[in-house]
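Each chain is listed here by its residues.
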Amino acid sequence: MQLLNLKGTIRFMAVRKLTMAFSGLLILASIASFMVKGLNFGLDFTGGTAVEVGFSQPADLPKIRSVLAENGFADASVQLFGSSQEVLVRLAPRGDDVKSEVLGNQLIAALKIADNSVEMRRIEFVGPSVGEDLKEQGGLAMLTALICILIYVAFRFEWRFAVGAVVALFHDVILTMGLFSVLGLEFDLTILAAILAVIGYSLNDTIVVSDRIRENFRKVRIDDTLEIIDISLTQTLNRTLVTSITTILVLIALFVWGGQTIHGFATALLFGVFIGTYSSVYVASSVAVLMGVSKEDLIPVEVEKEGAELDAIP
């Protein structure tokens, strides 16, 4: 299969059936993982105990995690809170019969092994009902964003492109969440924020591609829809690659040197940017083609009439 024609245009749409089948398999695998393993929800969604502790000197987070793991708190989430001497430790629920105060005292006793100067500053309990509310609100936030995007793109371009854009965004969200399900990574509010950021990034790329397709539908004297889309994708490829590679380089730095606190956030964005770039090129455009978008759908009626009048002049 020739993927480059004589004019230097990359024939992206020539493999659209293969890429759509590939995306379909990935989505099915993600849904299967949701059903079998589910998501490893963090304390933001499941509830638990949050303990803020203070140290007399900058806290050594790896050492704190190691000490807690050795003393029965292997599931503890440890991160800096405000300064290098303030640490927030979050613990998963330990049962109804375990009080937060008792759990906090046990935690402080374990931390004193590493540093006798540690002090408890604050302790609070987050109930499961709060976590359920956050799940609902997070899901509602994503659904609202997708509906608003559907309306905007339909108004700005054409409803077929709107459907393609939303399908591409659903594709990105499901695959990103599927990655966390398959790998068993913790899913908390920072990951939800990363997914919403991925939606914005992917949409921006899709809008650029859609705008170029509409522009070429109006000015390129070709009736082949697939060729016009290939021309548009080729023209925007440099911009897409530069933007994606620049973003990925920054995210790699965050992933490698950002520490455990933002490791999941960087992971979600890294995968999301990669899959969002792919969906902007293949999923959104392929869905629009599948729904029958054509040159006539994006050319104003006035322009069509003027063109017909010019053609009628002998």
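Quick summary incoming for the structure in this document. (Residues numbered from 1 in each chain as written. Predicted model: local features only at pLDDT ≥ 70, side-chain atom pairs only at ≥ 80, totals over all residues. Heavy atoms only, no water.)

1. Description of the overall build of the protein chain
Step number 1: Looking only at helices and strands, one finds 11 helices and six strands in the protein chain.
Step number 2: Summed over all atoms, the accessible surface of the protein chain reaches about 16500 Å², with 64% contributed by carbon and sulfur. (Helix = DSSP H or I, 4+ residues; strand = E, 2+ residues; numbered from the N terminus. Areas by Shrake-Rupley, 256 points an atom, 1.4 Å probe, with all protein chains shown as cover.)

2. Description of the pairing of strand β4 (residues 83–91)
Every regular strand shows the same layout, with side chains that alternate between the two sheet faces.
Step number 1: Pairing analysis gives six bridges linking strand β2 (residues 48–54) to β4, with the strands arranged antiparallel. Following the sheet pairing, Ala50 is matched in β4 by Arg90.
Step number 2: Alignment of strand β3 (residues 77–81) against β4, held across five bridges, turns out to be antiparallel. Across the sheet, residue Val78 finds its bridge partner in β4, namely Val89. (Pairing = 2+ DSSP bridges.)

3. Overview of the nonpolar core
Step number 1: Ranked by internal contacts, the top residues of the largest apolar core, which has 53 residues, are Met142, Ile149, Val153, Phe161, Met177, Phe187 and Leu233.
Step number 2: Sorting the residues of this core by element identifies α5 (128–156), α6 (159–183), α7 (189–219), α8 (225–257) and α9 (263–290) as the ones contributing at least two each.
Step number 3: Setting aside anything within four residues of it in sequence, one finds Met142 in contact with Val173, Met177, Leu192, Ile195, Leu196 and Ile199.
Step number 4: Val53, Phe55, Ala76 and Val87 belong to the second largest nonpolar core, which has 19 residues in total. (Core = buried A, V, L, I, M, F, W, Y, C linked by side-chain atoms within 4.5 Å. Buried < 20%, exposed > 50% of the residue type's maximum accessible area, 1.4 Å probe, protein only. Contact = heavy atoms within 4.5 Å.)

4. Quick look at the packing of aromatic side chains
Step number 1: Enumeration according to the criterion identifies four aromatic pairs in this entry.
Step number 2: When the centroid spacing of 6.4 Å and the interplanar angle of 85 degrees are considered together, the rings of Phe22 and Tyr278 count as edge-to-face. Linking Phe22 in helix α1 (residues 16–36) with Tyr278 in helix α9, this pair joins segments that are 256 residues apart in sequence.
Step number 3: The class of Tyr278 is buried, set by a relative accessible area of 17%.
Step number 4: When the ring of Tyr278 is compared with that of Tyr282, the centres are 5.7 Å apart and the planes differ by 45 degrees; the resulting orientation is tilted. With a gap of four residues between them, Tyr278 and Tyr282 both fall in helix α9, about one helical turn apart. Each member of the pair Tyr278 and Tyr282 is classed as buried.
Step number 5: An aromatic cluster of at least three residues, connected via ring pairs, comprises Phe12, Phe22, Tyr278 and Tyr282. (Phe/Tyr/Trp six-rings, centres within 6.5 Å; stacked < 30°, edge-to-face > 60°.)

5. Topic: the pattern of salt bridges
Step number 1: Counted by the stated rule, this structure contains seven salt bridges.
Step number 2: Its salt-bridge partner being Arg239, residue Asp205 comes within 2.5 Å of it at the nearest N-O pair. Of this pair, Asp205 sits in helix α7 while Arg239 is found in helix α8, placing the two residues 34 residues apart along the sequence.
Step number 3: Its salt-bridge partner being Arg214, residue Asp211 comes within 2.9 Å of it at the nearest N-O pair. Remark: Arg214 and Asp211 occur in helix α7; sequence separation between them is three residues, near one turn of the helix.
Step number 4: The exposure class of Asp211 is partly exposed, given its relative accessible area of 28%.
Step number 5: Each of Glu86, Glu119 and Arg121 takes part in a single network of salt bridges with overlapping partners. (Salt bridge = Lys/Arg side-chain N within 4 Å of Asp/Glu carboxyl O.)

6. Considerations on the environment of Ala165
Step number 1: Summarising the element assignment, Ala165 is placed in helix α6.
Step number 2: Remark: the alpha-carbon pair of Ala165 and Ser280, spanning 115 residues in sequence, is separated by 7.8 Å.
Step number 3: Apart from residues no more than four positions distant in its own chain, Ala165 is found in contact with Val153, Thr206 and Ala284.

7. Some details on the side chain of Thr240
Step number 1: Positionally, Thr240 belongs in helix α8.
Step number 2: Judged by relative accessible area, Thr240 falls into the buried class, the value being 4%.

8. Some thoughts on the environment of Gln106
Step number 1: As for its placement among the helices and strands, Gln106 is situated in helix α4 (residues 100–114).
Step number 2: Judged by relative accessible area, Gln106 falls into the partly exposed class, the value being 41%.
Step number 3: Here the alpha-carbon distance between Gln106 and Gly72, two residues 34 residues apart in the chain, equals 9.7 Å.

9. Topic: a nonpolar patch on the surface
Step number 1: A cluster of nonpolar side chains, Leu241, Ile245, Leu249, Ile252, Phe255, Val256 and Trp257, forms an exposed patch at the surface whose accessible area comes to about 720 Å².
Step number 2: Following the sequence through the fold, Trp257 ends up in helix α8.
Step number 3: Given a relative accessible area of 70%, Trp257 falls into the exposed group. (Patch = residues over 30% accessible without salt bridge, like charges linked within 9 Å, V, L, I, M, F, W, Y side chains within 5 Å.)

10. Observations concerning the packing of α8 against α9
Step number 1: For the pair α8 and α9, interaxial distance at closest approach is 10 Å and the crossing angle is 175 degrees. As summarised for this structure, α8 and α9 are arranged roughly antiparallel, according to the angle between their axes. Taking contact as the criterion, the partners of Leu226, Ile229, Leu233, Thr240, Ser244, Thr247, Ile248, Leu251, Ile252, Leu254 and Phe255 in α8 are, on α9, His263, Ala266, Thr267, Leu269, Leu270, Val273, Thr277, Val281, Ser285 and Val289.
Step number 2: Here the contact of α8 with α9 is composed, by residue class, of 14 nonpolar, seven polar and no charged. (Axes fitted to C-alpha atoms, helices over the stretch in contact; angles between N-to-C directions. Parallel < 35°, antiparallel > 145°, perpendicular 65-115°, else oblique. Nonpolar A, V, L, I, M, F, W, Y, C, P; charged D, E, K, R; others polar.)

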